[in-house]
Every structure is written in structure tokens, then in C-alpha cells.
Amino acid sequence: MNYPEATPMMQQYLSIKEKYADAILFYRMGDFYEMFFEDAEKASRILEITLTSRNKNAESPVPMCGVPYKAAQAYLARLINNGYKVAICDQIENPADLKNESSKRLVKRDVVRVVTPGMIMEDELLDEKTNNYILSISQIGNNTGISYLDISTGTFRISETDNFPAIIEEIRRVAPSEAILPEYLQKETFFSSITDALHKKAITFLDKNAFEYRNCRDRLNAQFKTISLEGFGCANLKAGVSAAGAIIHYVCETQKQKTVHLSGIKTYRLDNFLLIDDLTCQNLELLKNLRTGTKKGALLGILDRTNTAMGARMFKNWIRCPLLDIDRIRLRHDAIEEAIAKKNIARQIRECFKSVYDLERLGSKIAMGRANARDLTALKRSLTSLPEIGSYLSEFNSDAFQPDQNFQFDELTDLLEKSIREDAPPVINEGGIIKSGFNAELDELISISRDGKGWLAQLEVKEKAATGINSLKVKYNKVFGYFLEVPKSRSESVPAHYVRKQTLVNAERYITDELKKFEFKVMGAQEKRASLEYKIFTEIRKEIIKYNNKIHAGAQFIAKLDTILTLALIAEENEYTRPEINTTGDIIIEEGRHPVVEKMITGERFVPNSISINNNDSQVLIITGPNMAGKSTILRQTAIIVLMAQMGSFVPAGKASICITDKIFTRIGALDNLSAGQSTFMVEMQETANILNNATSHSLIIMDEIGRGTSTFDGLSIARAVAEFLHEIKDKGVKTLFATHYHELTDLEHTKAKIKNYNIAVKEWNDEIIFLRKLVEGGTNRSYGIQVARLAGIPEKVIQRAKEILFDIENGNSSPDSQKISPVKPKIRRQLSLFKKREDQERERKIIKKLQNLDISGTTPLEALNLLNELQDKAKKIPAA
Ligand code: ADP
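Residues numbered from 1 in each chain as written. Predicted model: local features only at pLDDT ≥ 70, side-chain atom pairs only at ≥ 80, totals over all residues. Heavy atoms only, no water.

Participant: Please clarify how helix H24 (residues 712-728) should be interpreted in this entry.
Facilitator: Because the α-helix completes a turn every 3.6 residues, residues three or four places apart line up on one side. Along its 17 residues, H24 runs 24 Å from first to last C-alpha, staying within 8% of the 24 Å computed at 1.5 Å per residue. Listed in full, the buried residues belonging to H24 are Gly715, Leu716, Ala719, Arg720, Val722, Ala723, Leu726 and His727. One face of H24 carries all of its buried residues, which in axial projection span an arc of 160°. Looking one or two residues past H24, lysine 730 carries a phi angle of roughly 50°, positive in sign. (Helix = DSSP H or I, 4+ residues; strand = E, 2+ residues; numbered from the N terminus. Expected span 1.5 Å × (residues − 1). Buried < 20%, exposed > 50% of the residue type's maximum accessible area, 1.4 Å probe, protein only. Arc of directions from axis to C-beta.)

Participant: Where do I start with the sheet that holds strand E22 (residues 655-659) in this structure?
Facilitator: In sheet architecture, strand pairing relies on hydrogen bonds along the backbone and comes in two forms, parallel and antiparallel. The four strands lie next to each other as E18-E22-E19-E20, forming an open sheet whose pairing is mixed. Pairing within the sheet leaves two strands with one partner each, and these edge strands are strand E18 (580-582) and strand E20 (609-613). Direction aside, the axes of adjacent strands within the sheet are offset by 20° on average. Bridge count for E18 against E22 is three bridges, and the pairing is parallel. Considered in E22, the bridge of isoleucine 581 is made with isoleucine 658. (Pairing = 2+ DSSP bridges. Axes fitted to C-alpha atoms, helices over the stretch in contact; angles between N-to-C directions.)

Participant: Sorry if this is basic, but what is going on with the pairing of strand E7 (residues 134-140) here?
Facilitator: Working note: regular strand, side chains alternate between the two faces of the sheet. Most of E7 sits out of view: five of its seven residues are buried. Strand direction decides the pairing type here: E7 and strand E8 (residues 143-150), joined by seven bridges, are antiparallel. By the bridge assignment, isoleucine 137 is partnered in E8 with isoleucine 146. Bridge count between E7 and strand E10 (residues 178-182): three bridges; the pairing is parallel. When the bridges of E10 are listed, isoleucine 134 appears paired with glutamate 178.

Participant: What is the right way to read unusual backbone geometry from this model?
Facilitator: Negative phi values dominate among residues other than glycine, just as trans dominates among peptide bonds. Phi is positive for lysine 225, close to 55°, though the residue is something other than glycine. Counting through the fold element by element, lysine 225 comes out in the loop between helix H8 (213-224) and helix H9 (238-255). Looking at lysine 225, the relative accessible area reads 70%, which means it is exposed. Even without a glycine there, the phi angle at glutamate 575 is positive, about 55°. Among the secondary structure elements, glutamate 575 is positioned in the loop between helix H20 (548-573) and E18.

Participant: Hey, could you run me through the environment of leucine 504 in this one?
Facilitator: In this fold, leucine 504 is placed in the loop between strand E16 (499-503) and strand E17 (507-511). Judged by relative accessible area, which is 29%, leucine 504 ranks as partly exposed. Between the alpha carbons of leucine 504 and lysine 488 there is a distance of 8.3 Å; along the sequence they are 16 residues apart. Apart from residues no more than four positions distant in its own chain, leucine 504 is found in contact with Glu485, Lys488 and Arg509. (Contact = heavy atoms within 4.5 Å.)

Limitation: the analysis is restricted to geometry and does not speak to function.
Structure follows, in C-alpha cells:
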């Protein structure tokens, strides 16, 4: 397109911008990246930089703002964090070369890279403990394909399923920072569930060609240098291949360079892992604490003591994807057991980890030509530690400690040791990165530039002596290069061969032939040195790429080792035990603890609890007890112990035997989704529906206070019906922990074979309650709501009034609430009558006590009549037997 009214530069800008309409264009001009038009308006707002304009006096000035080239990184980060893409447009030829051309023209510019939230390589922009994924979805027939890539580590995965809801869960689990989707998906009815799962992350829509199966297959083969995808196990996953191929297309479009480190893809099945949906992950506070949103106070915060960045990423993955395969789980348990037994060696290995940098990301950076000399030094240090780690590993027998390759990188570390200076600057084009002795030509150039300084000092001495001007100095500036400076007062004494270049107020500046010749040689040497160092550096980087797969495999092994040793360390420190994995369908936990609550509580000791769930007589446990007794804690700790066992960890319990669970569901009232415009009750019911529809007889369900969000009778009825349904689900029932404040549900134990009542014991003492925190068999019929309210600091006046109201309700007296209570259904009446019995007994006791203590001889007839009247009134309140 042509823009006749625009200047040539603006025309160039506009024609480039046209191709990158959805990105903010950083247009390089001198030492700045400039932005124009809407980009400038947006960026100035986000970056809080001044918005100016070009051609201020023109009729329609062009809005513009800029950021210094050298500080661009920080500004880039802010734009990316705000969900924008940034296209970086550089000068792609040296402006100096244009000087020799006769006709004046603009230096060529083009976009060298588009930075998007999912295409980041810079350490400053990445969280070292979290993978940064770009995810893609594709639909072919009934199958949906999913693929995701972390370009900073080379992790690339692919899967496919005809179970669409599983894809949605997987999107939530992967939690990508960016997604690419085919345009046609926007028309599908399920589209909004995809965007919901993406949590407002950046989405790029690509046309259907980018997803066309054959193109995608060929693209992947070309990327991996293979002729078939058979070897990766995904040749038959057409929808998956389409999603993965689209990612490669997008990478090429945005990175504009080779991504040699993407040398393979891992196929996986969505049902290979214990499914923990996003909500359960939040409810159980696996990765983040619900209140603070940080890992402190979450399971990850307690468990993750990894020492390497790749270990930390893998650890998070293990928590999010516990295994289903008993053998694999047992292998991890074996390894932990051995690491605990040989804890001194384990400690030594952990010590070595301290000098292992993020090998995965270093490898990728090097392969993509983004590494500087400091990265190469980090690589060298990391690789040098590996043989020592390897030597300790020979002391272990478990599979997890056997690397499938050696850790020898001697040639490479030798090369890096000889070539790269440890004090190298972060930039790679200004020299100072290659050691002397590595390249003869470079050494010569370095000596010329270094010797130059001495030569200049000598020249100064020589010229001072020759001219007798003691204040003569050799100086340098960018405009004139080297020159001799003489005070004006002595300018008479300068010899004839000095050529005057500049006159200042107090001084004259001169050059000489000798000085200019020297300058040519030294300056030339410096420039040559910088470009030679750059060349040598890029050659070394290329050499390292040959080791890329080995480095990547080493990084993976170190990640796993770090994870296992961390699990061993926390197991030992926190007295976790090895769980037995059974095939009988039992979950038996003796003296179990909540791994986070036991660390966080202050003031009281954590009380361990035992629990046994099976598919015979204890499948649905109805757990009652007052608020604050510890119901949620035991529910969550049971789910967490199962999850930890399946991730391969030891568990916080005296003893545990766990069967394999396929899905853990939780319905816990801690979260509401009011911001999404839904009522608490609606959210509660949706979550319950999800559980009832998707639970299998191998699942574990945590139901905490279901039915709270509606009226008592609705809530009670729903809770009861849900409990009954779970007891019967798929004709087998499902293991469920059902905490409820509806004591009426304890009746179910009598009618349903696999339902059992438990309660969390409390002790009453002087109208107060003491939480014993012990889970015991049997139901309870007291809520102790008023006592708990007092503990919470409700004013005494309110407490007393609440007691009066409760008394009235329990006695069927009229009160605002007793009206509501009157049409109670039989079961509720029965509960109330239980309460009543106790009250009646109390009244009888009082009547008897009064009679026993009565001094008949000291009572007047009138007093006796009054007393009789009072006693009759009291007695009338007690129903006749
Ligand atoms: P509920 O669900 O019955 O209202 P929670 O499970 O939320 O009660 O427990 C309330 C608090 O009691 C927890 O925050 C914790 O501090 C404490 N708590 C719970 N279980 C135990 C336990 N087994 N030992 C010691 N303290 C506990």
C-alpha cells in the first residue's frame, strides 16, 4: 500500500505496521524504539511515558512516544504483562554502509521478532519456577486436539480426546499465558467455555490453513527432521497434530529464526493422571493460598524445597498430575525410601545442585541465539557439577537414580573454560567476552588496542619534551578522535606540523599525522576486536547446539532427582510415612495430619485423626460437628493424603494404605463466583452437578456443607438426596466425605448399608465448648452455634438473646422464628424432640430439687399455695408421658 502524503519514513513505518496490526510496533530510530498513532497512545498510558507528536505543526500531528533502546526490556515486560504483543522492528542494515551509496535512501528496517506472552525467552520476564506455555486447540471430527509448548524450556506436549469437558479441564490445568485458536472455533457453541478456561489470557486466531492437518504434519516432521510422527506416538492424533503444527507455524511467524531446540514432542493421555479439576486445586490450596494468592500457606509452599529451577517446575507438575499407575508410584516411593536411608549422600547431591543453573532454559536460549557470555558461563558451571552428582548416584539402586546417559560434557566444558571470560559484560557485540590465548588474531588486536594506551602516554611525554609545553595533554572525543590540547597561553610554542582543529576559550586543539595514523590503527583494532569476538562467540554458541539434546535430557534428569530428593527431605523432616498402595479399594489413614494446617496452627497442637473409607460398609461418611470443630480440615487432609500418595510422595500420617483414585472432586463453600454474576447457591449447585455427573466409582468426593446457600428445608432435602445419590452412583457408589450441619442426615446410616456417621468430638464445660478435634464414630445432634459465636467475640447481650430465642424455639413457644419452624417435617421434629427431652429432664430435676429443699414447717399456707402454683406451671411444660 502507498501513503502518498506521508514522509518516506512514515511510509516505511506504515507498511511494516500493516503486517503487525495486532501488535504494538517498536520502530527503531537511533537509540530509541519509537511508537506512533494508536500504539503510542496505548503504550504511553501503560508505560507512563510522555506522549508527544511528530510534525507538531501539521494539520494532523502524529502521536508518538519512545523508549531508549538500551532500556527496552523493562518496557517490553510491562506491555507483555498487560497482555499486549510487541513487534520489534530493527534496522536490518548498517546505516554506515549507506554513506557510500550515491542516492539517498532510508535504511532498511523489518520486524525481527514478535514478543508475545507465550513467546518469551528473557529471564526477567519469566517466572523461573513456572512453565510459560502457549497452548493450541483444534477440532477434527469429534476429536479435540490440544498441544502446548514452553519455548523457553523446549517442553512440547500433545494430546487428543473426544471428551470435550476433559479438554476444558486440561486448559485450566496447563494455565497457559497465551493461546492460539482456529478462527472457525468462534462459531461453535462451546467456544465460550474455552475462553472462560483461558482466564482472559491473550488469544490469537489463525485461519484454518494454519491448522490444516497435512500441513501441520509436514511442518512437525520438518521441525523434528523426521519422516513420520510415529516415533512420537502421535501419528494417529490428527486433531492433536493440527494443534501442535499450528504452534510451530506461530513460532516461525513470531520468532523469525530457527528453533532447533524443539526436537521432539511428547504424547500423553488426558486420563493418565489423577484428575484434580481447577476448582479442587483451588479448594485444596495445592498451589496457592486462597486468601493471599501466594504459595505460602499452600501445599506447594510446604513441600517445595527444590534447589533448581527445573526441579521447581517439575515439582509443581507432580502435584498437579499425580499418577494412576501403581508401579510408577511405587518406584517413586522406593526412591524416596532409599534417599532417606542414604540421607548423607542425598545431602551432598543437594549441595551440588546449588551450582546448577536453569539448564533447560539456558539450553533453549543458546539454541535460539539469545544467550550472552554470562549464560555460557552459567552453562559451564552447571555442566561441571554434573559428574560429581553422577558419582554420588552410583551409591543408589532405585530406578529414579539411574540416568539413561552419562553426565560427561568434558569437551564442551573445556571449550567454555578456555574461551569465555567469567567477567564478560551482558552485551555480546562490544568485546570483552573471549579469553586471551583462545584466538591468535584476537590476541593481536587486543594487544594493539591495549598497547595503544601506553603509546599515547609516551607520545604525551615526548611532545611535552619537544615543545616544552608541560601542560600539553593527549585527549579523545567522539567528534575529532584523538588530539593534542594546549592552553591558549602556550599556543605560540606549538610546532608547525601541528594542525589546528578547534579553538576553545582557554585552549587550542591539534592533530598530527602521527596521531591520526595511530588512531586509525587502534580504532580499527577495537572495532575489529569487537566483531571478531562476536563471531567467535556465535561459533561457540553453535557448537553448544550440538549438545542440545544431551543438555535437555540432563536437565530433565536433574529436575526429577531434585524433586525426589526434596520429597525425601520433607518426608524426613515432617515425619511422613510411606503409604502402601492397595488394590482393595480402601483408603485407610491412621493418625493422619493436614500437612499445611499442622505447620500453620499456633497455640494448639495438631490432633492427628484416623479415617477409613471403603466400598463395603464405610463408603459415604457423614461427618457432623459444630463449626470450627475441624470438619473441613479432616476432609481436605484426606484428599491431600491421597493426592500426595499418588504423586509419589510419603504422607503425613502414622500409617496409610491407599487405593488408586481416578478423580478427586471437592465441593467446598469457600469460593463464590459473585463477580461472574452468579449467586452463591447457583455456583454451589453447578459444582455439585459437575460432581454427580462425572464421578466414577473410583473417585473420591469431598462435600463440605452442601445446601447451605438456600432455605433450611431445601438445603436439607438437596443434601440428603445428594448423599443418597452418591451412595448409589453407577450402582456401586463412590467414596465420599460428607460434612454437614444437618444432623438429620445421620438417620441415613440406618437405612443405607454403606453410609456411616462420624462426628468431631467436643466437650461441654460450663456453657462453653472445648474442641477435642477427634473424629469419632456416631452422629451428633448439637450445633453449639451459640457457643461458637461467643468464641468469635459476638457481644454477650446478643449471645444471651440468642439463647432465649433458641429456648423458645425448642419449646415450641411463639417467636418470629418458631412460626417458621412450626410446619416442620417429621424428621426435623424428631430432632427437636431430642432437644426437648433434655430440657424436660432439666425441668423435672429442678422441680424435684425444689421439693427436696422445701422447709415445710417454716412455710406459711399462702407461700405453700404460691409454690404449688409455680411448680404446676413448670410441670405443665413437661409433656405427659
Ligand atoms: P469446620 O470445618 O468444622 O468449621 P475447620 O476444619 O475449618 O472446622 O477447622 C477450624 C480450625 O480448627 C482450623 O483452622 C484449625 O486451626 C483448627 N483445627 C482443625 N483441625 C484440627 C486438628 N486436627 N488439630 C488441631 N487443630 C485443628
